[in-house]
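Descriptive analysis of the structure
For reference, the chains in residue letters:
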Amino acid sequence: MADFTHRIATEADIPALVALMDRSITGPLAAFLTPDQITASRKLMGIDSQIIADRTYVIVEADGELAGCGGWSGRITEYGGDHTPGRKPAPLTPGVDAARIRAMYTAPGFVRRGVGRLILDLCESAARDAGYDRAELVATMGGEPLYLAAGYREIERFEDDRGGAPVPLVRMGKPLVGRPNEPG
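Below: a short report on this structure. Source: prediction; values computed, not measured. (Residues numbered from 1 in each chain as written. Predicted model: local features only at pLDDT ≥ 70, side-chain atom pairs only at ≥ 80, totals over all residues. Heavy atoms only, no water.)

**A word on the overall build of the chain**
Test applied: Here a strand is any run of E in DSSP of at least two residues, a helix any run of H or I of at least four, and the numbering for each starts at the N terminus. The quantity called the radius of gyration is restricted to C-alpha atoms. Its globule counterpart is 2.2 Å times the number of residues to the power 0.38. For every residue, the accessible area obtained with a 1.4 Å probe (protein chains only) is divided by the maximum for its type, and the residue is called buried under 20%, exposed over 50%, and partly exposed between those limits. Any pair of residues with heavy atoms lying within 4.5 Å of one another is described as a contacting pair.
In terms of helices and strands, the chain carries five helices and seven strands. Sequence-ordered secondary structure for the chain, helices as α and strands as β, is β-α-α-α-β-β-β-α-β-α-β-β. For the chain, whose C-alpha radius of gyration is 15 Å, the value lies close to the compact-globule estimate of 16 Å for 184 residues. C-alpha extents for the chain along the principal axes are approximately 40 × 35 × 30 Å. A buried classification covers 47% of the 184 residues belonging to the chain. Taking the contacts inside the chain whose residues are at least 6 apart along the sequence as the reference set, 71% of them involve residues at least 24 apart.

**Regarding the packing of aromatic side chains**
Condition: Two rings belonging to Phe, Tyr or Trp (six-membered ring only in the last case) form a pair when the distance between their centres is within 6.5 Å. Interplanar angles under 30 degrees mark stacking, angles over 60 mark edge-to-face geometry, and anything in between is tilted.
This model, assessed by the stated rule, comprises four aromatic pairs. Judged by centre distance (5.8 Å) and plane angle (70°), the rings of Trp72 and Tyr132 are edge-to-face. With Trp72 in strand β3 (residues 65–73) and Tyr132 in the loop between α4 (115–129) and β5 (134–139), this pair connects stretches of sequence that are 60 residues apart. Residue Trp72 is classed as buried on the basis of its relative accessible area, which comes to 11%. Between Tyr79 and Phe158, the ring centres sit 6.2 Å apart and the planes meet at 45°, which makes this aromatic pair tilted. Within this pair, whereas Tyr79 is found in the loop between β3 and β4 (99–106), its partner Phe158 is found in strand β6 (residues 153–160), the two being separated by 79 residues in sequence.

**Looking at empty space enclosed by the protein**
With a probe scaled to a water molecule rolled over the atoms, the places where space remains empty come into view. What counts, and what does not: Buried and open spaces are told apart on a 1 Å grid over the protein atoms alone, a cavity being a set of points where a 1.4 Å probe fits but cannot get out and a pocket being an open set with protein on both sides within 12 Å along at least five of seven lines. Residues with an atom within 4 Å of a point are the lining residues. Grid points are joined across faces, edges and corners, and a volume is the space filled by probe spheres set on the points. Gly is put with the polar residues, along with every residue not named as nonpolar or charged; the nonpolar set is Ala, Val, Leu, Ile, Met, Phe, Trp, Tyr, Cys and Pro, and the charged set is Asp, Glu, Lys and Arg.
Under the counting rule described, the total for this entry stands at one cavity of 30 Å³ or more. Lining the largest cavity we find Asp48, Gln50, Ile51, Ser73, Arg75, Thr77, Arg87, Pro89 and Arg102. Residues of the lining of the largest cavity, tallied by class, amount to two nonpolar, three polar and four charged.

**Topic: the sheet that holds β5**
For clarity, the cut-off: Any two strands are treated as partners once DSSP identifies two or more bridges connecting them. Only C-alpha atoms enter the line fits that serve as axes; for helices the fit covers just the stretch in contact. Angles between N-to-C directions range over 0 to 180 degrees.
Taking strand neighbours across the sheet as the criterion, the seven strands line up as β1-β2-β3-β4-β5-β7-β6 in an open arrangement whose pairing is mixed. The strands lining the two open edges of the sheet, one partner per strand, are β1 (4–8) and β6. Taken pair by pair, the neighbouring strands of this sheet meet at an average axis angle of 25°, ignoring direction. In the sheet, β1 pairs with strand β2 (residues 57–62) via five bridges, with the strands oriented antiparallel. Looking at β2, one finds that Phe4 is bridged to Ala62. Contacting β6 and β7 (167–175), helix α2 (residues 35–44) runs over the sheet at an angle of about 50° to β7.

**Details of the pattern of salt bridges**
Convention followed: The rule for a salt bridge is simple: a side-chain nitrogen of Lys or Arg has to be within 4 Å of a carboxyl oxygen of Asp or Glu.
Overall, the coordinates contain 17 salt bridges when judged by the stated rule. Residue Glu136 is joined to Arg100 by a salt bridge in which the shortest nitrogen-to-oxygen separation is 4.0 Å. Taken together, the residues span a long stretch of sequence, with Glu136 in strand β5 and Arg100 in strand β4 at a distance of 36 residues. Judged by its relative accessible area of 17%, Glu136 is buried. Salt bridges sharing common partners tie together Asp48, Asp82, Arg87 and Arg102.

**Examining the layout of surface pockets**
Estimates place the volume of the largest pocket at around 820 Å³. In terms of lining, the largest pocket is formed by 37 residues, of which the most central are Met104, Thr140, Gly142, Gly143 and Tyr147. Of all the secondary structure elements, the ones that give two or more residues to the lining of the largest pocket are α1 (14–26), β4, α4, β5, α5 (144–149) and β7. It is β4 that contributes the most residues to the lining of the largest pocket, six residues altogether.

**Some remarks on the side chain of Ser73**
With respect to the helices and strands, Ser73 occurs in strand β3. A residue is classified by how much of its surface remains accessible, and Ser73, at 1% relative accessible area, is buried. When neighbours within four sequence positions are excluded, Ser73 is seen to be in contact with Ile51, Thr56, Leu92, Ala99, Arg100 and Arg102.

So this is what it looks like as structure tokens:
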């Protein structure tokens, strides 16, 4: 098993992140969606330069290879990339609103090796340190098992058809109590 390192993403990482997101959507996520839903997912998902500018987006590498990425946000936007309609960059209020876990992608060769869990733990810890007491996210069907295993619970299921075909998604939430692997 590779040793993972992590760092905050910068604007210089965007081309590599876009390529990773594309491989993730056409690879692991494709097992859960139809070809039309994959095409629609490309219109709904992708790079969010705001969370990169906010320095809340993490890159995980293994032996110099990009293994995954994901972040958290203190902004209203729940999911989607720069091109997704309906973005709301206004700030959230720590202690009142839930931090948003955002844009998590794992490279196909690193699925089920702890990359997603590492990113999730880093994001939850940073959001907690910023004063948030809970987190919410919008999961794809491919990501839902990870989030359930990490203690997230379903809030609502819905479909987003803004990309053409309806893509199934699930809004999930979790209290941010204690530290990772520590009772709440």
